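Chain by chain, the residues run as shown.
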Amino acid sequence: MTHRTHRPVPRRQRARRRFLQRLGQAVIYTGTTTLVAGLARALLHLVHLA
């Protein structure tokens, strides 16, 4: 959202928001990778069992 508010946002707050967004992306990325890795491992395990 790029709509301008009546009062400018402090640079520190903006930086913190960007940092939080980066952190969230990193968490989602690691979560998805671990999930995919776990699924692949489970599939390999099932294949080996069969």
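This text goes with the structure placed above it.
Presented here is an overview of the structure given in this document. What you see as residue numbers is a count from 1 along each chain, following the sequence as written. It should be noted that, the model being predicted, local features are given only for residues of pLDDT at least 70 and side-chain atom pairs only at 80 or more, the latter also being counted only at that level, while totals for whole chains, interfaces and linings use all residues. Heavy atoms throughout the structure, all of them, feed into the side-chain values; hydrogens and water do not.

1. Here we look at the overall build of the chain
Right, so step 1: Check the secondary structure of the chain and you find 1 helix and 0 strands.
Right, so step 2: Method for areas: the Shrake-Rupley scheme with a 1.4 Å probe, in which residue coverage is limited to the protein chains shown. Summed over its atoms, the accessible surface of the chain is roughly 5600 Å², and 64% of this surface lies on carbon and sulfur atoms. The way it works is that DSSP assigns letters per residue, a run of H or I at least four long becomes a helix, a run of E at least two long becomes a strand, and they are numbered from the N terminus.

2. Brief notes about a nonpolar patch on the surface
Right, so step 1: Taken together, the side chains of Phe19, Leu20, Leu23 and Val27 make up a nonpolar region of the molecular surface, amounting to roughly 400 Å² of accessible area.
Right, so step 2: Its location among the elements puts Leu23 in helix α1 (residues 11–49).
Right, so step 3: Judged by its relative accessible area of 43%, Leu23 falls in the partly exposed class. Put simply, a patch holds well-exposed residues, over 30% relative accessible area, that have no salt bridge, with like charges counted together within 9 Å and Val, Leu, Ile, Met, Phe, Trp or Tyr side chains within 5 Å. By salt bridge we mean one thing: a side-chain nitrogen of Lys or Arg within 4 Å of a carboxyl oxygen of Asp or Glu. Buried means the residue's accessible area, taken with a 1.4 Å probe over protein chains only, is under 20% of the maximum for its type, while exposed means over 50%, and partly exposed covers the values in between.

3. A word on the environment of Thr33
Right, so step 1: By the element assignment, Thr33 lies in helix α1.
Right, so step 2: N or O atoms within 3.5 Å of each other form a polar contact, as long as, within protein, one can give a hydrogen and the other can take it, and as long as residues adjacent in sequence are counted only when both atoms are side-chain atoms. Within the structure, the side chain of Thr33 is placed 2.8 Å from the backbone oxygen of Tyr29, a separation counted as a polar contact.

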